Amino acid sequence: MKQAVDGTVRTAPIGVFDSGLGGLTVLRAIRERLPGEATVYLGDTARVPYGPKAAETIRRYAIEATDFLLDKGVKAVVIACNTATARALPDVEARAGVPVLGVVEPGWSAAASASGTGRIGVIGTRGTISSRAYNRVIHSHRPDAQVFEQACPLFVPLVEEGWTDDEVTRLAAERYLGPLLKQGIDTLVLACTHYPLLKPLLARVVGENVRLIDSAESTAAALERLLVSEDLASPSGPPAAARYYVTDEAARFDLLARRLLGEEVEHLEMVSVDSTG
Ligand code: DGL
């Protein structure tokens, strides 16, 4: 039998982490969909990018981020990073003792229902693509689908540089996406939380016959379902507070975060989460 939830737990915040800024695309969707939920966001900006790093390293980083959020009293953890979800979801689940949600499953199920032909492209960091995480979830949703994957390691630094609508980025996108377009995909999953910022440019490169799917909104919807099913949803009230933590210099994050979130970053603090030093 499910244990009754203590009422104070329902008003506890949702913890969200990413290697850096990209997870703010997911946080924004969560805050728009669930305005009554307080949030704590950790951007591990000192150690971004996770994409090219070894699986073991990413697991350690993800556990450290989880421990940090648990210390803040969160009632659920969202891994707003495809690389960390692909590499460390079971480890975070085992550690957390609270419900955990990654971005791979929601992103994939949105793509599976959006695709008419079942020919689906997936782009992400090297870590995400080499984990084959998207291939693993395919069978549970759409066994007839064919998935074509492509790592796009230059995209994250281009986004971090602010080159979201730039000739250099367009050329990189044409080169990365050319092979997928040759396969006749009708849906492209943006399996990296930085990539929604490239959506207008990518839409021009792939053309109107390919649908772009990102996991921000589907993750927010999955979180809402999870909170309801676990009896953890906050009672409705005024918009709840958001706190932000970063592991490296906060000033640049503040500037970009305001742009990404469309709201002021009220509480921003630099912290260390590294358990080794
Ligand atoms: N947030 C990461 C992801 O979604 C991309 C940035 C990184 O490589 O750390 O995969």
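On a predicted model such as this, the values are computed, not experimentally measured, just so you know.

Topic: the packing of helix α2 (residues 24–33) against helix α12 (residues 250–261)
Two elements in contact, α2 and α12, have axes separated by 9 Å at closest approach and are oriented at 45 degrees. In terms of axis orientation, α2 runs oblique to α12. Read as a crossing pair, α2 and α12 show a hand that is right-handed. Here α2 contributes Leu-24, Leu-27 and Arg-28 to the contact with α12, which in turn contributes Phe-253, Ala-257, Arg-259, Leu-260 and Leu-261. Class assignment for the residues of the contact of α2 with α12 results in six nonpolar, no polar and two charged.

Things to note about the sheet that holds strand β5 (residues 119–124)
What the four strands build is an open sheet, ordered β6-β5-β7-β8; its pairing is parallel. Bordering the open sheet on either side are β6 (146–151) and β8 (211–214), each of which pairs with just one other strand. Averaged over all adjacent pairs, the angle separating strand axes in this sheet is 25 degrees, with direction ignored. For strand β7 (residues 187–190) and β8, the ladder comprises four bridges, and the chain directions are parallel. Across the sheet, Thr-187 pairs through a bridge with Arg-211, a residue of β8. The strands touched by helix α5 (residues 104–114) within the sheet are β5, β6, β7 and β8, with β8 carrying the most contacts at an inclination of about 160 degrees. Running at roughly 150 degrees to β8, helix α10 (residues 199–206) makes contact with β5, β7 and β8 of the sheet.

Focus on the site of the ligand
By nearness alone, 14 residues border the ligand, and Asp-18, Ser-19, Tyr-50, Gly-51 and Thr-83 come closest of all. Asp-18 places a side-chain nitrogen or oxygen 2.7 Å from a nitrogen atom of the ligand. In the model, an oxygen atom of the ligand is placed 2.6 Å from a nitrogen or oxygen of the Tyr-50 main chain. Computed on the free molecule, the ligand has an accessible area of 300 Å², of which 99% lies beneath the protein chains in the complex. Split by residue class, the shell around the ligand holds six nonpolar, seven polar and one charged.

Examining the packing of aromatic side chains
A full pass over the atoms with the stated rule returns six aromatic pairs. Both rings, one in Tyr-50 and one in Tyr-61, keep their centres 5.2 Å apart while their planes meet at 45 degrees; by these two values the pair is tilted. With Tyr-50 in the loop between β2 (39–43) and α3 (55–71) and Tyr-61 in helix α3, this pair connects stretches of sequence that are 11 residues apart. The residues Tyr-50 and Tyr-61 share a single accessibility class, namely buried.

With respect to unusual backbone geometry
The omega angle of the peptide bond from Val-48 to Pro-49 is 5 degrees, so this bond is cis rather than trans. Looking at the element boundaries, Pro-49 is found in the loop between β2 and α3. Phi angles above zero are rare outside glycine, and Arg-132 is one such case at about 60 degrees. Assignment of secondary structure puts Arg-132 in the loop between α6 (126–131) and α7 (133–141). The residue Asp-231 is not glycine, and still its phi comes out positive at about 55 degrees. Under the relative-accessibility criterion, Asp-231 is labelled partly exposed at 36%.

Some words on the pairing of strand β9 (residues 242–246)
Along any regular strand the residues' side chains alternate between the sheet's two faces. For β9, the buried fraction is high: four of the five residues fall into the buried class. The sheet contact formed by β2 and β9 spans five bridges and is parallel. By the bridge assignment, Leu-42 is partnered in β9 with Tyr-245. Judged from the four bridges that link them, β9 and strand β10 (residues 267–270) form a sheet pairing that is parallel. Bridge assignment links Tyr-244 to a residue of β10, and that residue is Leu-268.

Let's talk about the nonpolar core
Counting 31 residues, the largest nonpolar core has Val-16, Leu-24, Ile-30, Leu-223, Tyr-244 and Phe-253 as the members making the most contacts within it. Among the elements of the structure, β1 (14–18), α2, β3 (76–79), α11 (215–229), β9 and α12 are those that each provide at least two residues to this core. Examining the composition of this core, we find that six residues originate from one element, α11, more than from any other. Filtering out sequence-adjacent residues up to four positions away, Leu-223 remains in contact with Ile-14, Ile-30, Leu-34, Val-78 and Leu-101. With 24 residues, the next largest nonpolar core counts Val-156, Leu-180, Leu-188 and Leu-198 among its residues.

What counts, and at which threshold
Residues numbered from 1 in each chain as written. Predicted model: local features only at pLDDT ≥ 70, side-chain atom pairs only at ≥ 80, totals over all residues. Heavy atoms only, no water. Axes fitted to C-alpha atoms, helices over the stretch in contact; angles between N-to-C directions. Helix = DSSP H or I, 4+ residues; strand = E, 2+ residues; numbered from the N terminus. Parallel < 35°, antiparallel > 145°, perpendicular 65-115°, else oblique. Left-handed = near helix turned anticlockwise from the far one by under 90°. Contact = heavy atoms within 4.5 Å. Nonpolar A, V, L, I, M, F, W, Y, C, P; charged D, E, K, R; others polar. Pairing = 2+ DSSP bridges. Near = heavy atom within 4 Å. Polar contact = N/O pair within 3.5 Å; in protein donor to acceptor, adjacent residues only side chain to side chain. Areas by Shrake-Rupley, 256 points an atom, 1.4 Å probe, with all protein chains shown as cover. Phe/Tyr/Trp six-rings, centres within 6.5 Å; stacked < 30°, edge-to-face > 60°. Buried < 20%, exposed > 50% of the residue type's maximum accessible area, 1.4 Å probe, protein only. Core = buried A, V, L, I, M, F, W, Y, C linked by side-chain atoms within 4.5 Å.

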